[in-house]
Amino acid sequence: MNNKLILCGLLLTATAYLPAQQRATINLHADQGIHVIPKEIYGQFAEHLGTCIYGGLWVGESSQLPNIKGYRTDVFNALKALKVPVLRWPGGCFADEYHWMDGIGPRHQRPKMVNTNWGGTIEDNSFGTNEFLDLCEMLGCEPYISGNVGSGSVEELAKWVEYMTSEGDSPMARLRRQNGRDKAWKVKYIGVGNESWGCGGNMRPEYYADLYRRYATYCRNYDGNRLFKVASGASDYDYNWTKVLMQQVGSRMQGLSLHYYTVAGWHGSKGAATRFSTKDYYWTIGKCREIEEVIRRHCAIMDQYDPKKRIALMLDEWGTWWDEEEGTVRGHLYQQNSMRDAFVASTTLDIFHKFTDRLKMANIAQIVNVLQSMILTNPQGGMVLTPTYYVFKMYNVHQDATYLPLDISCTQMPVRDGRTVPLLSATASKDQAGKIHLSLSNIDATEEQLISVNLSGMRVKSVSGEVLTSANLTDHNTFEQPDAVKPAVFNGAKLAKETLTVKMPPASIVTLCLQ
Ligand code: AHR
């Protein structure tokens, strides 16, 4: 046979089996570390909604399920491993109907209420202030209390602060002691209302600004506890809300919140969490990336009134919002969590890191069994760690590390609604021990990506890493197959002089440690 033909045949075969490949470059500026990434960017949110609290975090001491003082043991241990820095509670919309005094004292005597926001479920108040603050202590995280401005009173909120933080012989400290807790808790973050433009009272910003001033006045600092007061902020594109609050509240608040959900609505529903096309996936990434512009514009308004950046932006609700799973209770917002959600998490965290000169906290919605949760549970004792959980775990190396800027050059993909999506997302930081962590997301659904990272000026001797990937973007963990998606050791990074070459599989998320 003619040699040329054989060669040609071989070449054709090789071409046919070579995976298509994207290429990208990154310049990592290790000498330009600017600000610290506050660990609170990795905050969580727990609302009395569906099975987030009851069944998720709390089963009570008399439950058949293994528990530590009433908290589900498996969930508690998984959260401990996640290094949760801050936990927001009790809502959400629930917070503006919550009367904290119903949730203290002997559990069997606590009054019940209807959870009007979330499915009309009967709330028995068995998880209240003591249960929440004890959980935070056990997890080693800061509590973030969301106060009731919509339907509560100034006195009620003032007494709640006293109950939690007063050490002296005050009436509320005495009540706390009667309930078995001698020492005051340390409570730093207090939210003065939630979504006051919506479920928190349907207010106009001017009216809310005055209410904030009034409520916040009586949230006192007791016995060395210093409150960080957070005003209820805007929903995604409502820049006027931020402007009015900055003008009329200003330095009376230490933080101003913002909510942004990655939510679809182009075909009448939000779409199924685990049944979607590649087009839907790219649209989702485009929508989630829009948070960058939203943060930038809110920050620009804050800069006008507070150039020294004394007031923090607190993105205290974010994440994906899909249709509720079939067969679950309407209004309980229970959704599955796939590799697509993992990419929303990694991409969003990459964006957050860029704004940490102003953005001081973010709380993904929500911690267990609600929206883009870390953990799913069932009443039989099953527990699933979601792909989003694993992203948070792989990213917790960035908590309190110094943010390192980087320039990315990669392919852009046009997606539905005129959006464009870069096929590579990345972030880097340097921890206190001098280790550099680089997180990379190959957004490309079908092609691997070869990334060349310029490390000039850095002395790197070794590289190690972890990867999160799966055959399909719709892949997720179930009670039957809890380990379908989980991180693995990554061997695709190679060092050569001052260049790091990383070969990422399609649709993969990698965190590398350089030292
Ligand atoms: O996280 C679910 C709900 O979304 C919260 O209760 C509310 O604040 C927001 O609208």
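Residues numbered from 1 in each chain as written. Predicted model: local features only at pLDDT ≥ 70, side-chain atom pairs only at ≥ 80, totals over all residues. Heavy atoms only, no water.

On to the packing of aromatic side chains. Going through the model one piece at a time under the given rule, you end up with 23 aromatic pairs. On the numbers, 5.5 Å between centres and 90° between planes, the contact of Tyr389 with Tyr390 is edge-to-face. For the residue pair Tyr389 and Tyr390, the accessibility class agrees, reading buried in each case. An aromatic cluster is defined as three or more aromatic residues linked by ring pairs; in this entry it consists of Trp58, Tyr71, Trp89, Phe94, Tyr98, Trp100, Phe127, Phe132, Trp160, Tyr163 and Trp185. Geometry around Tyr239 places Arg297 over its ring, the cationic atom sitting 4.2 Å from the centre. When the ring centre of Phe276 is taken as reference, the NZ or CZ atom of Arg340 above it lies at 3.7 Å. (Phe/Tyr/Trp six-rings, centres within 6.5 Å; stacked < 30°, edge-to-face > 60°. Buried < 20%, exposed > 50% of the residue type's maximum accessible area, 1.4 Å probe, protein only. Lys NZ or Arg CZ within 6 Å of the ring centre and 35° of its normal.)

The six strands are arranged β16-β20-β21-β27-β23-β24 in an open sheet whose pairing can be described as antiparallel. Across the chains shown, the open sheet's two edge strands, defined by having one partner strand only, are β16 (402-404) and β24 (488-489). Of the pairings in the sheet, the one linking strand β21 (residues 436-442) to strand β27 (residues 508-514) comprises seven bridges and is antiparallel in character. If you follow Ser441 over to β27, its bridge partner there is Ile509. (Pairing = 2+ DSSP bridges. Helix = DSSP H or I, 4+ residues; strand = E, 2+ residues; numbered from the N terminus.)

Applying the stated criterion across every chain, the model contains one disulfide. What pairs with Cys93 in a disulfide is Cys199, and their sulfur atoms sit 2.2 Å apart. Measuring handedness by torsion sign, the sulfur bridge of Cys93 and Cys199 sits at about -85° and is left-handed. Pair noted here: Cys93 is in the loop between β5 (86-89) and β6 (113-115) and Cys199 is in the loop between β9 (189-192) and α6 (205-217), with a separation of 106 residues, a long-range link. A relative accessible area of 12% places Cys93 in the buried class. Exposure remark for Cys199: the relative accessible area of 33% places this residue in the partly exposed category. The closest cysteine sulfur to the non-disulfide-bonded Cys219 is located on Cys136, 18 Å from its own sulfur. The class for Cys219 is buried, based on a relative accessible area of 2%. (Disulfide = S-S within 2.5 Å.)

What follows concerns empty space enclosed by the protein. This model, assessed by the stated rule, comprises three cavities of 30 Å³ or more. The volume enclosed by the largest cavity comes to roughly 40 Å³. Of all the elements in the fold, those that place two or more residues in the lining of the largest cavity are β9, β10 (228-235) and β11 (255-263). If you tally residues by element for the lining of the largest cavity, the top one is β10, at four residues. Split into classes, the residues belonging to the lining of the largest cavity amount to four nonpolar, seven polar and three charged. (1 Å grid on protein atoms, 1.4 Å probe; cavity = no way out; pocket = protein on both sides within 12 Å on 5 of 7 lines; lining within 4 Å. Points joined across faces, edges and corners; volume = space filled by probe spheres on them. Nonpolar A, V, L, I, M, F, W, Y, C, P; charged D, E, K, R; others polar.)

Before going further, it helps to spend a moment on the site of the ligand. All residues in the neighbourhood of the ligand are listed as Phe45, Glu47, Gly92, Cys93, Trp118, Asn194, Glu195, Tyr261, Glu317, Trp321, Gln366 and Leu371. At a separation of 2.8 Å, an oxygen atom of the ligand approaches a polar side-chain atom of Glu195. Tyr261 is positioned with one of its side-chain polar atoms (N or O) 2.8 Å from an oxygen atom of the ligand. Alone, the ligand offers 280 Å² of accessible surface; in the complex the protein occludes 93% of this. Counted by class, the shell around the ligand contains six nonpolar, three polar and three charged residues. (Near = heavy atom within 4 Å. Polar contact = N/O pair within 3.5 Å; in protein donor to acceptor, adjacent residues only side chain to side chain. Areas by Shrake-Rupley, 256 points an atom, 1.4 Å probe, with all protein chains shown as cover.)

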